[in-house]
Structures are given as C-alpha cells and as structure tokens.
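One letter stands for each residue in the lines below.
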Amino acid sequence: GEEYVCAVGVVPGDVLEDKDKGHEVILKRLIEVARAVLKVQASSKEEAEFKQGIHTGPVVAGVIGQKLPRFRLFGDTINTAARMMQKGLPGELQFGEE
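The structure displayed is predicted, hence computed values, not measured ones.

This brings us to the pattern of salt bridges. Overall, the coordinates contain two salt bridges when judged by the stated rule. A salt bridge links D14 to R29; the nearest nitrogen and oxygen atoms lie 3.1 Å apart. Separated by 15 residues along the polypeptide, D14 in helix α1 (residues 12-21) and R29 in helix α2 (residues 23-43) bring together distant segments of the chain. Between E17 and R29 there is a salt bridge, with the nearest N and O atoms lying 2.4 Å from each other. Placement of E17 in helix α1 and of R29 in helix α2 is noted, with a sequence separation of twelve residues between them. For R29, a relative accessible area of 32% puts it in the partly exposed group.

With five bridges joining them, strand β2 (residues 60-64) and strand β3 (residues 70-74) adopt antiparallel strand pairing. Among the inter-strand pairings, G62 is bridged to a residue of β3, identified as R72. Turn length for the β2-β3 hairpin, with the two strands adjacent in sequence and antiparallel, is five residues, and the turn residue G65 shows positive phi of about 95°.

Right, let's talk about the environment of T77 for a bit. Here T77 is to be found in helix α3 (residues 76-87). Note on T77: relative accessible area 7%, which makes it buried. For the pair T77 and V25, spaced 52 residues apart in sequence, the C-alpha separation works out to 19 Å. If we ignore the near neighbours within four places in the chain, the residues touching T77 are H55, T56, G57, P58 and V59.

A separate point is the environment of V37. Among the structural elements, V37 can be located in helix α2. A C-alpha to C-alpha distance of 7.5 Å links V37 and F50, two positions 13 residues apart in sequence. Not counting chain neighbours up to four residues away, the residues in contact with V37 comprise F50 and Q52.

Here we come to a nonpolar patch on the surface. Together, V10, V11, V59, V63 and F71 make up a nonpolar patch on the protein surface, roughly 430 Å² of accessible area in all. Its location among the elements puts V59 in the loop between β1 (52-54) and β2. The exposure class of V59 is partly exposed, given its relative accessible area of 34%.

The rules behind each value
Residues numbered from 1 in each chain as written. Predicted model: local features only at pLDDT ≥ 70, side-chain atom pairs only at ≥ 80, totals over all residues. Heavy atoms only, no water. Salt bridge = Lys/Arg side-chain N within 4 Å of Asp/Glu carboxyl O. Helix = DSSP H or I, 4+ residues; strand = E, 2+ residues; numbered from the N terminus. Buried < 20%, exposed > 50% of the residue type's maximum accessible area, 1.4 Å probe, protein only. Pairing = 2+ DSSP bridges. Contact = heavy atoms within 4.5 Å. Patch = residues over 30% accessible without salt bridge, like charges linked within 9 Å, V, L, I, M, F, W, Y side chains within 5 Å. Areas by Shrake-Rupley, 256 points an atom, 1.4 Å probe, with all protein chains shown as cover.

So this is what it looks like as structure tokens:
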C-alpha cells in the first residue's frame, strides 16, 4: 500500500501560530484530518485500510534528488510516527509518548 506523511507546525505560519497559541491549535487540526480519514475508511465500500501514527518533535526538512527533486522530512520524529503507523491496527490512531 501507499504511505503518506502529514506534518503540521512545519511551515512558518504554523510555527508562529504555535508560539502564539501553543500546540493545541495545530494538533487539533491534525486530529481533525485523522478523524476525517477514519470516517472515509468506515464509509468506504472498498477494502481501504488506513493506519495512522502521530508523534511530535523536531524534524529536518530538505529537497533531495536532481532529476526529480522531492521535499522530504527526516529525523526521529518522522521515524517514530512511521513505525507506529506500520505496527498499528487499521482504523486506529497511534500516538507517541511526547
């Protein structure tokens, strides 16, 4: 299957909002998206299975590749969220400890 990464708090506007209002606003946005994805799975007639892992922490961002450049996020935060997603149960939302 396909795997996708969703990150909040990475773009400058999110960083400023996080400093002004705290993590709650940004994390709420992420939870709303996760809830919408699970709703799609529940109502789907297809055999789509969504697994989700959420973790917070620092990331490093960069563009890799010359022929087909791609924006990537790196670091323990991304790796932890990916492991939680891979080990998680379909239709469940996995959270990190931090």
